[in-house]
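# Understanding the architecture of this molecule
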Amino acid sequence: MYSLKSRLSQNGFTSSENYDHAVQCFINSPAEHIRCMHVDGDCGRRRTAFACALANALQATQVLYYEFGRDKPVPQIIRIQEGEEIIEEPPVDALDRILTEACAQSEAEQTILILDQLHKTQFINHTRLYEFLQSGLWRYSDVRFNANILNLKVFLISDEPLYHSLRSASFRLWINGTNQSIAKVTASDLGLEEQNASWLKPLQSLFNTMQTSPTLEEYQRLAHDIEQHIYSTQQLKISLFGWLENIDREQLESEEYQPYLDNVLEAILQGREVHEEIDISSV
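Residues numbered from 1 in each chain as written. Predicted model: local features only at pLDDT ≥ 70, side-chain atom pairs only at ≥ 80, totals over all residues. Heavy atoms only, no water.

## Topic: the packing of helix H7 (residues 200–210) against helix H8 (residues 216–228)
- One can describe the packing of H7 onto H8 by two numbers: an axis separation of 13 Å at closest approach and a directional angle of 130°. Taken together, the axis directions place H7 and H8 in an arrangement best described as oblique. In the packing of H7 onto H8, the handedness of the crossing is right-handed. Where H7 abuts H8, its residues Leu200, Leu203, Gln204 and Phe207 lie against Tyr219, Leu222 and Ile226.
- When the residues that make up the contact of H7 with H8 are grouped by side-chain class, the tally is six nonpolar, one polar and no charged. (Axes fitted to C-alpha atoms, helices over the stretch in contact; angles between N-to-C directions. Helix = DSSP H or I, 4+ residues; strand = E, 2+ residues; numbered from the N terminus. Parallel < 35°, antiparallel > 145°, perpendicular 65-115°, else oblique. Left-handed = near helix turned anticlockwise from the far one by under 90°. Contact = heavy atoms within 4.5 Å. Nonpolar A, V, L, I, M, F, W, Y, C, P; charged D, E, K, R; others polar.)

Set out below in structure tokens:
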């Protein structure tokens, strides 16, 4: 059985943070109303990546995504003959469509609805969403749809603070823009012997100086490049920038970090020489 961190990674969200406790609190809360998670943070689309990855990690049968601010009104073309009277029916709003589908899908299947960029919609929709979370009932025009509160979960993402009532009805989870916890990666974590990973300590000194903490997956990708491809400082910088989500290109090019990069490269090349000596002597 894969851990939540592994399942999130498999679905596109990598992090050194452990979200097990928060997710357990959310999914095991008493289901008196629709369970709602406010995916908070200061990291833009990283919150969206988390919400989508979590929905799949929880193995929801149906994952529905809607982003406010993307839909434009669709003009209606109505053809009538002279003297004929037609009562114009307004087109169904995109939000009403996605909520209707969420209600329908939740009748028989585990469903997660992700509502992104909530700050871009008019305030009336905030109040409608709060009423929906409380009652499980979505209304528009003269129709109404019921959601199964045991099967439906809602994730909310907004660049601005949520409407107070929505906030009170939600479990809030903070997603960091960068990895805050330091990943204590060892040679064995990377499938290497200690003597074959002499570059690991200077590499971690570089990361500490740059105040970045790669995930285990990022370390593993770097380790492959180091073992197979890196022979110069420029190649090292290309791999660092290529694989690390939170690396800053200006930092990599700064003279301040050049000695640390040189130390990493020196350790890589020395380790390679040791390998060659062992190979030659074994022959």
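## Considerations on the environment of Gln235
- Within the fold, Gln235 resides in helix H9 (residues 233–243).
- Judged by its relative accessible area of 33%, Gln235 falls in the partly exposed class.
- With 10 residues separating them in the primary sequence, Gln235 and Asp225 have C-alpha atoms 9.2 Å apart.
- Other than its neighbours up to four places away in sequence, Gln235 contacts His229 and Ile230. (Buried < 20%, exposed > 50% of the residue type's maximum accessible area, 1.4 Å probe, protein only.)

## Overview of the sheet that holds strand S2 (residues 62–67)
- In space, the five strands of this open sheet follow the order S2-S3-S6-S1-S7, with parallel pairing throughout. In the strand order of this sheet, the two ends are held by S2 and strand S7 (171–175), each with one partner. Sheet twist, expressed as the mean angle between neighbouring strand axes with direction ignored, is 20°.
- In terms of strand pairing, strand S1 (residues 35–41) meets S7 through five bridges, oriented parallel. Opposite Gly41, over in S7, you have Ile175 as the bridge partner. (Pairing = 2+ DSSP bridges.)

## Focus: the packing of aromatic side chains
- Tallied over the full model, the rule gives 10 aromatic pairs.
- Ring pairs connect the aromatic residues Phe13, Tyr19 and Phe50, which therefore count as one cluster. (Phe/Tyr/Trp six-rings, centres within 6.5 Å; stacked < 30°, edge-to-face > 60°.)

## What about helix H3 (residues 45–57)?
- Over its 13 residues, H3 extends 18 Å from the first C-alpha to the last, a length consistent with the 18 Å expected when each residue adds 1.5 Å.
- Within H3, the full set of buried residues consists of Arg46, Arg47, Thr48, Phe50, Ala51, Ala53, Leu54, Ala55 and Ala57.
- Note on H3: the residue one or two positions beyond its end, Gln59, has a positive phi of about 60°. (Expected span 1.5 Å × (residues − 1).)

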